[in-house]
Amino acid sequence: MGDDIQWLVGATSSSGWMLDVHFARGIGVEELALRLGAPLGARAEPMTDAEVADLDIDAYPDRGPGSAVIRVGEDAGWAFAITYGPYLDRLAEVSRDGVEAVHYHYNSEHPPTTVLYARDGRTVCGFGLCEESHRYGHEPDLLLPDLVAAGILRPDGDTYRDPGIGIDDYEDRKRLGLAIFEERFGLSLPRSVLAEDPLPVYAIMGSPAPDFEEISAWAAANGKPLPDTHLRLIPAGLRKEYERATDPEWWQRGAHHLTARVEWSPHA
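Residues numbered from 1 in each chain as written. Predicted model: local features only at pLDDT ≥ 70, side-chain atom pairs only at ≥ 80, totals over all residues. Heavy atoms only, no water.

Draft legend 1. Focus on the overall build of the protein chain. Assigned secondary structure in the protein chain consists of eight helices and nine strands. Going through the 268 residues of the protein chain one by one, you find that 44% of them count as buried. Look at the contacts in the protein chain between residues 6 or more apart in sequence, and 61% of them connect residues 24 or more apart. Accessible surface for the protein chain amounts to roughly 13500 Å². Of this, 51% is attributable to carbon and sulfur atoms. (Helix = DSSP H or I, 4+ residues; strand = E, 2+ residues; numbered from the N terminus. Buried < 20%, exposed > 50% of the residue type's maximum accessible area, 1.4 Å probe, protein only. Contact = heavy atoms within 4.5 Å. Areas by Shrake-Rupley, 256 points an atom, 1.4 Å probe, with all protein chains shown as cover.)

This is how it looks when you write it as structure tokens:
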């Protein structure tokens, strides 16, 4: 087995997205990609976490096309997919036909980071880290003995062993809760996936970009690096260059958006 998964607590991708990982046991990485929404065979060359930051991925309509990609791999008998883009609830699809699946969705504050286990197309159990008294799924108490053994909850499942947890202890408590999934299901994920490891990439949302051919032709005519023909997403830097060169109102509109953001800021 490789690394544990407790290091995921508090981890974020270099592109700024909250960390979202699907694990699946019983299928390979290509099938996992398909179940998450990737077109058949549309795999890009491997990329590092940092390289994904230059893709045109955005969950907000006023800032991008609403797209998402995944980087995929295998470890300790589980296929895994790290998602970059908006939150996607596809656990039922990933776990259909006898497949086991775990979904780790990191949130920095509230709602909490959640971890869910599914099998045969339904969520079996899960909970929010540091909110383990609220449990989910068709068998919400499946992991209650583990939570009690770990010293997190009392046997009633509603009260905590240490109700006076301080803010400095939250990270340790989250790791303790995540360790239950790690140990119960044999989960592992190399820390290097957010460092130097290049992994195959699939687009699972927002592909092809509606203006892919148009911007690709402009890039070719102007000696710019061409976007990936498998992902069919436009890198954010290339899109900005294209809009700056072809839209006479680009600067004016950019200034308007900047002003709007400053006015909105809660610190203004």
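Here the narrative resumes.
Draft legend 2. The arrangement of the confidence of the model for the protein chain in detail. On average, the protein chain scores 85 in pLDDT, and the residues at 70 or more come to 86%. In this model, residues 255-268 is a region of pLDDT below 50 whose contacts with residues beyond four sequence positions or in other chains number two contacts. (pLDDT = per-residue confidence, 0-100.)

Draft legend 3. Structural detail: the environment of M18. On the secondary structure map, M18 appears in the segment before β1 (20-25). Under the relative-accessibility criterion, M18 is labelled partly exposed at 38%. When near neighbours in sequence (up to four residues on either side) are disregarded, M18 contacts H105, Y106, N107 and S108.

Draft legend 4. A look at the pattern of salt bridges. Considering all chains together, one arrives at 14 salt bridges under this definition. We note a salt bridge from R239 to D211, for which the minimum N-O separation is 2.8 Å. In this pair, R239 sits in helix α7 (residues 236-246) while D211 sits in the loop between β9 (199-205) and α6 (212-221), placing the two residues 28 residues apart along the sequence. For the pair formed by R239 and D211, the shared burial category is buried. Here E241 ties to K224 by a salt bridge, and the two come within 2.8 Å at their closest N and O atoms. (Salt bridge = Lys/Arg side-chain N within 4 Å of Asp/Glu carboxyl O.)

Draft legend 5. Quick look at the environment of E30. The residue E30 is located in helix α1 (residues 29-35) in this model. When the C-alpha atoms of E30 and G41 are compared, they prove to be 8.2 Å apart, with eleven residues separating the residues in sequence. When sequence neighbours within four positions are dropped, the list of residues in contact with E30 reads L40, G41 and Y202.

Draft legend 6. Seen up close, α6. Among the residues of α6, those classed as buried are F212, I215, S216, W218 and A219. Seen from one end, α6 has its buried residues packed into an arc of 160°, which puts them on one side. Exposed side chains of α6 directed beyond 90 degrees from the buried face belong to A220 and A221. The inward-facing, buried residues of α6 abut α7. Of the residues trailing α6, G223 is marked for its positive phi of about 70°. (Arc of directions from axis to C-beta.)

Draft legend 7. Main features of the nonpolar core. Formed by 45 residues in total, the largest nonpolar core has its most connected members in F23, V69 and F181. Beyond its immediate stretch of four places on either side in the chain, V69 contacts V52, L55, I57, I82, T83, Y84, V201, Y202, A203, I204 and L233. Membership of the second largest hydrophobic core comes to 20 residues, among which are A33, V99, A101 and Y202. (Core = buried A, V, L, I, M, F, W, Y, C linked by side-chain atoms within 4.5 Å.)

Draft legend 8. Quick look at the sheet that holds strand β6 (residues 114-119). Taking strand neighbours across the sheet as the criterion, the nine strands line up as β2-β9-β3-β4-β1-β5-β6-β7-β8 in an open arrangement whose pairing is antiparallel. Looking at strand neighbours, the two that pair on one side only are β2 (43-47) and β8 (131-136), the edges of this open sheet. Adjacent strand axes in the sheet meet at a mean angle of 25°, parallel and antiparallel pairs treated alike. (Pairing = 2+ DSSP bridges. Axes fitted to C-alpha atoms, helices over the stretch in contact; angles between N-to-C directions.)

Draft legend 9. Here's a closer look at the packing of α6 against α7. Relative to each other, α6 and α7 sit at 80°, their axes nearing to 11 Å. One way to sum up the angle between α6 and α7 is to call them roughly perpendicular. Across the interface between the two elements, E214, I215, W218 and A219 of α6 pack against L238, R239, E241, Y242, A245 and T246 of α7. Looking at the contact of α6 with α7 residue by residue, the classes come out as six nonpolar, one polar and three charged. (Parallel < 35°, antiparallel > 145°, perpendicular 65-115°, else oblique. Nonpolar A, V, L, I, M, F, W, Y, C, P; charged D, E, K, R; others polar.)

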